[in-house]
Amino acid sequence: MKIREHSIICELVDVELKVYVDLIRSLLLADTAGRVALILRPSVVPVVLRGNKRSNKKFVVFPPFSFIEEDQGASVLYDSTCRERLRCFNVAEDVWVEGKKLLTTGERAVRCIGSGPLIRLANELGLTCRGDSSVNIVDGSLAISDYEGRSLNRRHVANAAGFKDVELKKVTGRLRYYWRTHPLLYGLPSSNLEIKIAPLSQFKKLSVIGKPLLYIEDMPLIIELPHNNSIIFLGFNEYLVEYALRSILYVL
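The notes below deal with the structure included here. These numbers were taken from a predicted model, which means no experiment stands behind them. (Residues numbered from 1 in each chain as written. Predicted model: local features only at pLDDT ≥ 70, side-chain atom pairs only at ≥ 80, totals over all residues. Heavy atoms only, no water.)

### Some words on the nonpolar core
Logical step 1: Residues Phe67, Leu125, Leu221, Ile222, Phe233 and Tyr243 are the most contacted members of the largest nonpolar core, which totals 54 residues.
Logical step 2: Among the elements that take part in this core, helix H6 (residues 241-251) stands out by supplying seven residues, more than any other.
Logical step 3: Here Tyr243 is in contact with Leu175, Leu184, Leu185, Leu188, Pro189, Leu214, Ile222 and Phe233, once residues within four sequence places are set aside.
Logical step 4: By size, the runner-up hydrophobic cluster in this structure holds 18 residues, among which are Ile144, Ala158, Phe163 and Leu206. (Core = buried A, V, L, I, M, F, W, Y, C linked by side-chain atoms within 4.5 Å. Buried < 20%, exposed > 50% of the residue type's maximum accessible area, 1.4 Å probe, protein only. Helix = DSSP H or I, 4+ residues; strand = E, 2+ residues; numbered from the N terminus. Contact = heavy atoms within 4.5 Å.)

### Some remarks on the pairing of strand E3 (residues 36-39)
Logical step 1: Alternating residues of E3 divide into Val36 and Leu38 and Ala37 and Ile39, and every residue in both groups is buried.
Logical step 2: Direction of pairing for E3 relative to strand E6 (residues 67-69): antiparallel, over a ladder of three bridges. Counterpart to Ala37 in the pairing with E6 is Ile68.
Logical step 3: Alignment of E3 against strand E9 (residues 99-101), held across three bridges, turns out to be antiparallel. Across the sheet, the residue bridging to Ala37 is Lys101, located in E9. (Pairing = 2+ DSSP bridges.)

### Brief notes about the sheet that holds strand E5 (residues 57-62)
Logical step 1: Spatial ordering of the open sheet is given by E5-E4-E7-E2-E6-E3-E9, a layout of seven strands whose pairing is antiparallel. Two strands lie at the open edges of the sheet, namely E5 and E9, each paired on one side alone. On average, each strand axis in the sheet is tilted by 35 degrees relative to the strand beside it, whichever way the strands run.
Logical step 2: This element, helix H1 (residues 17-29), spans strand E2 (8-12), E6 and strand E7 (86-91) of the sheet and lies at about 25 degrees to E6. (Axes fitted to C-alpha atoms, helices over the stretch in contact; angles between N-to-C directions.)

### Concerning the side chain of His156
Logical step 1: Here His156 is to be found in strand E13 (residues 155-159).
Logical step 2: Overall, the relative accessible area of 0% leaves His156 in the buried class.
Logical step 3: Polar side-chain contacts of His156 include one of 3.2 Å to the backbone oxygen of Ser151.
Logical step 4: Apart from residues no more than four positions distant in its own chain, His156 is found in contact with Asn136, Tyr147, Ser151, Leu225, Ser230, Ile231, Ile232 and Val251. (Polar contact = N/O pair within 3.5 Å; in protein donor to acceptor, adjacent residues only side chain to side chain.)

### What about the pattern of salt bridges?
Logical step 1: The tally for this structure, following the rule as stated, stands at seven salt bridges.
Logical step 2: With a shortest N-O distance of 3.3 Å, Lys170 and Glu194 are connected by a salt bridge. Taken together, the residues span a long stretch of sequence, with Lys170 in strand E14 (residues 169-176) and Glu194 in strand E15 (residues 192-197) at a distance of 24 residues.
Logical step 3: Looking at Lys170, the relative accessible area reads 55%, which means it is exposed.
Logical step 4: Exposure remark for Glu194: the relative accessible area of 47% places this residue in the partly exposed category.
Logical step 5: Residue Lys211 pairs with Glu224 through a salt bridge whose shortest N-O separation is 3.9 Å. Pair noted here: Lys211 is in strand E16 (residues 211-216) and Glu224 is in strand E17 (residues 219-225), with a separation of 13 residues, a long-range link.
Logical step 6: Judged by relative accessible area, which is 30%, Lys211 ranks as partly exposed. (Salt bridge = Lys/Arg side-chain N within 4 Å of Asp/Glu carboxyl O.)

This is the structure we're talking about:
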């Protein structure tokens, strides 16, 4: 997407998870949130550090999930509730980045299936559950066959460990990944984790079309569907909440 000169670009200063959730909620609930976009890959952007003179232009690398807003007239990002959480600059000249609108669906509604932690996180973000939404949040209440028959072709975020008929395996090991610039993984630490997961071999279709993003030892933990950028968790606990938050923003 193209970022135009004089747009605002901001990166998070305080990445504490609660602060992140509160900020996203305030942006989603704002009437003007539809004009806010997210960077999805680390991007070099020319910015003005002082004043408005082009001679003050500097090139700054912005991480995934930095925010962009074109119209400064009634800025959401410069609102007093957001400003202290962000480091903001004016863009010095037009530049292309890989990004997306914060609400590509044009609304704050998602289709909620189940009642697990992903659904609760969606509610904390200020999203509303509605049956006709094009984006699904799936966390429980489905059998594997129902999920693979109904949901794989819809954009969704799913917690497969909450499905009715999965068999969970307790795994302890170090988180590993091979694509460190992916928006879900960039900047997050790799550490040891103990978690119950649903082995990917239980899913006939998902195991064929899914691309593992995050492993615990040699077992896939987070899967992406390349054809629609959906994200599936094969296990879930409190450590993975920030991954889940990023997943919802990535898919929405």
